[in-house]
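Fold and contact review
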Amino acid sequence: MRRRGALVLTSRLSVDLVQKAAMIGARVLIAPSAPTALAVTEAQAAGLALIARGPDGPTLYTETEAE
């Protein structure tokens, strides 16, 4: 499946949202709150980029895999 697009969320990045984003083929998830540790692990496994609030502002938690 070719992955494209980004999702902008208004809630915390949880593992279920990461799994749903991976199922629809999103490449990037952006949220105003920090992700859960399990969400970061799942995003790394799925090759999704997570961008969310970190200690010093917006933070890239994981990166996408090259296609």
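Located above this text is the structure these notes cover.
Residues numbered from 1 in each chain as written. Predicted model: local features only at pLDDT ≥ 70, side-chain atom pairs only at ≥ 80, totals over all residues. Heavy atoms only, no water.

Structurally, the position occupied by S14 is in the loop between β1 (6-8) and α1 (15-24). A relative accessible area of 19% places S14 in the buried class. A distance of 3.2 Å separates polar atoms of two side chains, one belonging to S14 and the other to D16. In contact with S14, not counting residues within four places along its chain, are T36 and A39. (Helix = DSSP H or I, 4+ residues; strand = E, 2+ residues; numbered from the N terminus. Buried < 20%, exposed > 50% of the residue type's maximum accessible area, 1.4 Å probe, protein only. Polar contact = N/O pair within 3.5 Å; in protein donor to acceptor, adjacent residues only side chain to side chain. Contact = heavy atoms within 4.5 Å.)

With that settled, consider the sheet that holds strand β4 (residues 57-62). The strand order β1-β2-β3-β4 describes an open sheet built from four strands, whose pairing is mixed. Unpaired on one side and paired on the other, β1 and β4 mark the two borders of the sheet. For this sheet the average axis-to-axis angle between neighbouring strands, irrespective of direction, equals 20 degrees. In this sheet, β4 lies alongside strand β3 (residues 49-54) in antiparallel orientation, the contact comprising five bridges. Bridged to R53 within β4 is P58. Docked against the sheet, α1 engages β1, β2 (28-30) and β3, running at close to 145 degrees with respect to β2. Of the strands in this sheet, β3 and β4 are in contact with helix α2 (residues 37-46), which crosses β4 at around 55 degrees. (Pairing = 2+ DSSP bridges. Axes fitted to C-alpha atoms, helices over the stretch in contact; angles between N-to-C directions.)

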